[in-house]
Amino acid sequence: MFAENLNQETTMTVEEEVKGFGNWYHKIDLGDGVYTPGGRNQSLTFDLYRDLLPKDLSGLTVLDLGANACGFSIEFARRGARVTAVESASRYVDQAKYVVQKLGMKDRVRIQQMDLFDVHELGEFDIVAYVGLSYHVDFPELAIAMLSNMCRHSLVTSTQTLPGGGLIMENRAKSKPGRKLNELYGYEPTEELYLSWLSKYGFKNPRLVSTAPHAGEDKRNKLGNRSYFFAEAGNGYTLPFKKKRNWLRTILKR
């Protein structure tokens, strides 16, 4: 009975800690029946790629971009990978640090607070995860070009897509009445355009993995609200900013 009561007290303490971080986007199992109260269960997202990735990721390095609270990062870490989780928003960085510490994964998940177009400084990784971020970016094609130089094995990626075909894209704010054109609303391409970028910048065998909703996802954020892709690393694409570092900054300031 004492042990039971002690466990309940511990659980309540964790729940209170979680609430102290405000709103969460990721739903993460912290153990003892406690979950972070987000609507995005990244273990379901990982399941989309399970058969496309090695079962044992021991010895492999992963770059998780737009890591949020590290819901995706810990799925890679649980399978043995060493993960660098990149997030720009301070509140999500705080949540990520809490999750990683609570799950005892500080030795496997390194959290970096930085912007997307600074990550080329981190070097190469076996697997790059670029999920749920592309449609927040003003230069989504440039991001794919950059990542082609950082990926040694495979890329898992997703974006919200425009319906129909053709090589077109538009700013997300156009479909969000009353929203301003800002960094939160980048560009949505068609699936055809996104696949063409992957091919153009050296990724091999790019393919659409899924657009269908999956059981268990919160109604606010079904997996079906975006398109999920997978590609194998190729020879990369020679980027001007590898020799002229200011070139990238010049593009971004336009």
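Here's a quick rundown of the structure.

## Examining the overall build of the protein
- Secondary structure assignment for the protein yields seven helices and 11 strands.
- Residues classed as buried in the protein amount to 47% of the 254 residues present.
- The long-range share in the protein, meaning contacts at least 24 apart out of those at least 6 apart in sequence, stands at 69%.
- For the protein, the accessible area works out to roughly 13,000 Å², and carbon and sulfur atoms hold 48% of it.

## Considerations on helix α4 (residues 90–102)
- With 13 residues, α4 extends 18 Å between its outermost C-alpha atoms, agreeing within 8% with the 18 Å of an ideal straight helix rising 1.5 Å per residue.
- For α4, the full list of buried residues reads Y92, V93, Q95, A96, Y98, V99 and V100.
- Just past α4, the residue G104 takes up positive phi, approximately 65 degrees.

## Considering the sheet that holds strand β10 (residues 204–210)
- Read across the sheet, seven strands follow the order β5-β4-β3-β6-β7-β11-β10 without closing on themselves; strand pairing throughout is mixed. The open sheet terminates on both sides in strands that have one partner only, identified here as β5 (109–113) and β10. When strand polarity is set aside, the average angle formed by the axes of neighbouring strands in this sheet is 15 degrees.
- Bridge count between β10 and strand β11 (residues 227–232): four bridges; the pairing is antiparallel. The partner of K204 across the bridge, within β11, is E232.
- Helix α2 (residues 42–49) contacts β7 (151–159), β10 and β11 of the sheet and is inclined by roughly 45 degrees relative to β11.
- Seen against the sheet, α4 touches β4 (82–87) and β5 and runs at an angle of roughly 165 degrees to β5.

## Considerations on the pattern of salt bridges
- Evaluation of the coordinates by the stated rule reveals nine salt bridges.
- With a shortest N-O distance of 3.1 Å, E75 and R78 are connected by a salt bridge.
- Judged by its relative accessible area of 40%, R78 falls in the partly exposed class.
- Close ionic contact of R152 with D126 constitutes a salt bridge, the shortest N to O distance being 3.2 Å. Here R152 is found in strand β7, whereas its partner D126 is found in strand β6 (residues 125–130), with 26 residues between them in sequence.
- Here the salt bridges do not stand alone but share partners, grouping E75, R78 and R79 into one network.

## Looking at the packing of aromatic side chains
- One pass over the full model with this rule turns up seven aromatic pairs.
- Where F21 meets W24, the ring centres are 5.7 Å apart and the plane angle is 75 degrees; that geometry is what we call edge-to-face.
- Residue class for F21 comes out partly exposed when judged on its relative accessible area of 26%.
- Given a relative accessible area of 7%, W24 falls into the buried group.
- Note on F46 and F76: the rings are 5.1 Å apart at their centroids and 85 degrees apart in plane angle, and the pair reads as edge-to-face. One end of the pair, F46, is in helix α2; the other, F76, is in helix α3 (residues 71–77), with 30 residues separating them in the sequence. The pair F46 / F76 is uniform in exposure class, with both members buried.
- The ring centre of Y35 lies 5.4 Å from the NZ or CZ of K27, which sits over that ring.

## Details of unusual backbone geometry
- You will see that C70, though not glycine, has its phi angle at about 75 degrees, which is positive.
- With respect to the secondary-structure elements, C70 resides in the loop between β3 (61–65) and α3.
- Among the residues examined, C70 registers a relative accessible area of 1% and is labelled buried.

Conventions used here
Residues numbered from 1 in each chain as written. Predicted model: local features only at pLDDT ≥ 70, side-chain atom pairs only at ≥ 80, totals over all residues. Heavy atoms only, no water. Helix = DSSP H or I, 4+ residues; strand = E, 2+ residues; numbered from the N terminus. Buried < 20%, exposed > 50% of the residue type's maximum accessible area, 1.4 Å probe, protein only. Contact = heavy atoms within 4.5 Å. Areas by Shrake-Rupley, 256 points an atom, 1.4 Å probe, with all protein chains shown as cover. Expected span 1.5 Å × (residues − 1). Pairing = 2+ DSSP bridges. Axes fitted to C-alpha atoms, helices over the stretch in contact; angles between N-to-C directions. Salt bridge = Lys/Arg side-chain N within 4 Å of Asp/Glu carboxyl O. Phe/Tyr/Trp six-rings, centres within 6.5 Å; stacked < 30°, edge-to-face > 60°. Lys NZ or Arg CZ within 6 Å of the ring centre and 35° of its normal.

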